[in-house]
Amino acid sequence: MGRFEGKVAVVTGAGAGIGKACALAIAREGGRVVVADIDGSAAIACTARIAAEAGHALALAMDIADAQAVAALFESAERHFGGVDLLVNNASAMHLTPRDRAILDLDLAVWDQTMATNLRGTLLCCRQAIPRMIARGGGAIVNMSSCQGLSGDTAQTSYAASKAAMNMLSASLATQYGHAQIRCNAVAPGLIMTERLLAKLDECMQRHLRRQQLLPRVGRPEDVAALVAFLLSDDAAFITGQVVCIDGGMLAHVPTYADGGNSRAARPAGDTAEAAAAPHC
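In this text, all values refer to a predicted model and were calculated from it rather than measured experimentally. (Residues numbered from 1 in each chain as written. Predicted model: local features only at pLDDT ≥ 70, side-chain atom pairs only at ≥ 80, totals over all residues. Heavy atoms only, no water.)

### Re helix α8 (residues 221–232)
Every α-helical turn comprises 3.6 residues, leaving residues that sit three or four positions apart pointing alike.
Moving on, step 1. Taking 1.5 Å as the rise per residue, α8 with 12 residues should run 16 Å; its terminal C-alpha atoms sit 16 Å apart, in good agreement.
Moving on, step 2. Residues P221, D223, V224, A225, L227, V228, A229, L231 and L232 constitute the buried set of α8. (Helix = DSSP H or I, 4+ residues; strand = E, 2+ residues; numbered from the N terminus. Expected span 1.5 Å × (residues − 1). Buried < 20%, exposed > 50% of the residue type's maximum accessible area, 1.4 Å probe, protein only.)

### Observations concerning the nonpolar core
Moving on, step 1. Counting residues in each nonpolar core, the largest one holds 33 residues, and the members touching the most others are V187, V228 and L232.
Moving on, step 2. Counting residues per element, this core draws most heavily on helix α1 (residues 17–28), which supplies 8 residues.
Moving on, step 3. Ignoring anything within four residues of it in the chain, the contact list for V228 reads C22, V88, V142, M144 and V187.
Moving on, step 4. Counting 27 residues, the second-largest nonpolar core is a separate cluster that includes A36, I64, C126 and I130. (Core = buried A, V, L, I, M, F, W, Y, C linked by side-chain atoms within 4.5 Å. Contact = heavy atoms within 4.5 Å.)

### Section: a nonpolar patch on the surface
Moving on, step 1. A contiguous nonpolar surface patch, about 210 Å² in accessible area, is contributed by L150, V243 and L251.
Moving on, step 2. If you trace the backbone, V243 turns up in strand β7 (residues 243–246). (Patch = residues over 30% accessible without salt bridge, like charges linked within 9 Å, V, L, I, M, F, W, Y side chains within 5 Å. Areas by Shrake-Rupley, 256 points an atom, 1.4 Å probe, with all protein chains shown as cover. Salt bridge = Lys/Arg side-chain N within 4 Å of Asp/Glu carboxyl O.)

### Considering the packing of helix α3 (residues 67–81) against helix α4 (residues 108–135)
Moving on, step 1. Relative orientation of the contacting elements α3 and α4 amounts to 30°, with a least axis distance of 9 Å. The pairing of α3 with α4 is recorded here as roughly parallel in orientation. At the point where α3 passes α4, the crossing takes the right-handed sense. Each of A67, V70, A71, F74, E75 and E78 in α3 lies in contact with α4, whose residues at this interface are L124, C125, Q128, A129 and R132.
Moving on, step 2. Among the residues making up the contact of α3 with α4, the classes are represented as 7 nonpolar, 1 polar and 3 charged. (Axes fitted to C-alpha atoms, helices over the stretch in contact; angles between N-to-C directions. Parallel < 35°, antiparallel > 145°, perpendicular 65-115°, else oblique. Left-handed = near helix turned anticlockwise from the far one by under 90°. Nonpolar A, V, L, I, M, F, W, Y, C, P; charged D, E, K, R; others polar.)

So, in structure tokens, the structure goes:
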């Protein structure tokens, strides 16, 4: 028996990356999964993978920024599987991040579209899930935040603001519906090397980001999925209203860490303070 036997989960943005890893992790522990993604072919491929492992899943192509599409998503989940017990709000407008610049350079359309998907879309999914969870005696929600919602950056203004707001949305939901046995937590990933991110980051930027981690490897989608599965499960029955970082220690240290700081601790070969301070890769 897996931790999600008899449970129904909706996972948005589940066609690839972290969302796909979450859908697979839930299905492997007995959960029936609604795989939702704006890319219908990716959603179908994920459900095929789940079916190949003897799991049960339903693929739906939809945009979480569309209120009618979100309502149809949860109606389909209820019609096909009988209800909703678990929700992973993973979908976000990642295609907008190359245009998500500093405040004075930011196209307001990027801000509006990012908020419509990342924040309003998450709210829409929660509003559809909560009554269905109450009808089944409770449930668990995990909202996919980001370390960028916990620290400033030179760009990604809209994305960071949407994720910071998602953290408070999660705390509000946990506060308002805890009495109905609904738990809500946010997960804040750091550098998680999905296929999309690997294609986006050149080797120079990858090395720059890795220098800020305390652990000697980048994160994998499966790392985040394991945390999400724990927070959704009864193993986390007394955890709610939290923002849990999974970042290899990226936000845990003083700003001077990567440049050696005032420590004489041994650094990996080639990772000297002089090399770190060099303006090139």
